[in-house]
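A look at the structure
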Amino acid sequence: MALEKTLVLLKPCTLQRALVGEITNIFERKGLRICGMKMMQLTDEILSEHYAHLSEKPFFQRVKDAMMTAPVIALCLEGVDAIAAVRALAGPTNGRNAAPGTIRGSYCMSFQENIVHASDSPETAEVELKRFFRPEEIFDWKQTTFPRLYANDEF
């Protein structure tokens with residue numbers, strides 16, 4: 001198995017509710033390595049690109065507007081099967097349907113104000129990471145806990 005990188009955006013609602021440290025801690029406790037992290041104010045242009053798949057939906061503008069109410073924290077996380085691991089931690093998009101113990105199940109009641117965005121596939125993660133990070137903003141560093149997180153043939 002190879003290590004995977006994925007994008008997570010901590011949404012404006014996460015910052016407004018002072019949950020950044022708590023949510024980041026969940027990913028770190030799971031064993032995911034932070035390879036990149038930055039705060040940024042999203043623009044209509046980047047959001048139109050990021051949410052292009054929703055452009056025909058009646059809530060498209062509302063989603064973009066909500067994502068511009070405060071900055072976001074962009075994270076590049078790495079681990080074995082990181083994409084699936086992050087999505088399992090996040091829970092389903094609608095917080096009302098998310099199981100207790102997931103991020104959305106524990107911290108939200110909304111379909112839109114749902115704490116995090118997480119890439120849904122390796123292909124999407126690659127595109128999204130390039131959208132939010134320059135190559136020099138993603139770091140490759142040795143995390144000394146990896147041999148205690150995985151069997152020696154898992155990464």
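Check the entry above for the structure.
Summary of the structure given here.

Looking at the pairing of strand E1 (residues 3-10)
The pairing of E1 with strand E3 (residues 72-80) spans eight bridges and is classified as antiparallel. Paired with Lys-5 across the bridge in E3 is Glu-78. With three bridges joining them, E1 and strand E4 (residues 116-118) adopt antiparallel strand pairing. The partner of Leu-9 across the bridge, within E4, is His-117.

A closer look at helix H5 (residues 82-90)
Residues Ala-82, Ile-83, Ala-85, Val-86, Leu-89 and Ala-90 constitute the buried set of H5. All buried residues of H5 project into a common sector of 165° when viewed along the axis, lining one side. Along H5, the residues that are exposed and aim more than 90 degrees away from the buried face are Ala-84 and Ala-88. Buried residues in H5 make contact with E1, helix H2 (20-30), E3, helix H6 (103-107), E4 and helix H7 (122-132). Of the residues flanking the end of H5, it is Gly-91, one or two places downstream, whose phi is positive at about 85°.

Re H7
The complete set of buried residues in H7 reads Ala-125, Glu-128, Leu-129, Arg-131 and Phe-132. All buried residues of H7 lie within an arc of 155° about the axis, which places them on one face of the element. Among the exposed residues of H7, those pointing more than 90 degrees away from its buried face are Glu-123 and Lys-130. Buried residues in H7 make contact with E1, strand E2 (33-40), helix H3 (44-50), E3, H5 and E4.

A look at the pairing of E3
Of all nine residues making up E3, nine are buried, and the element is well covered by its neighbours. Where E2 and E3 come together, seven bridges link them in antiparallel fashion. Bridged to Gly-36 within E3 is Cys-76.

Some details on the sheet that holds E1
Taking strand neighbours across the sheet as the criterion, the four strands line up as E2-E3-E1-E4 in an open arrangement whose pairing is antiparallel. On the outer flanks of this sheet lie E2 and E4, each paired with one strand and no other. For this sheet, the mean angle separating the axes of adjacent strands, direction not counted, is 20°. The sheet contacts of H5 involve E1, E3 and E4, and relative to E1 the element is tilted by about 35°.

Conventions and cut-offs
- Residues numbered from 1 in each chain as written.
- Predicted model: local features only at pLDDT ≥ 70, side-chain atom pairs only at ≥ 80, totals over all residues.
- Heavy atoms only, no water.
- Pairing = 2+ DSSP bridges.
- Helix = DSSP H or I, 4+ residues; strand = E, 2+ residues; numbered from the N terminus.
- Buried < 20%, exposed > 50% of the residue type's maximum accessible area, 1.4 Å probe, protein only.
- Arc of directions from axis to C-beta.
- Contact = heavy atoms within 4.5 Å.
- Axes fitted to C-alpha atoms, helices over the stretch in contact; angles between N-to-C directions.

Nothing here speaks to function; it is geometry throughout.
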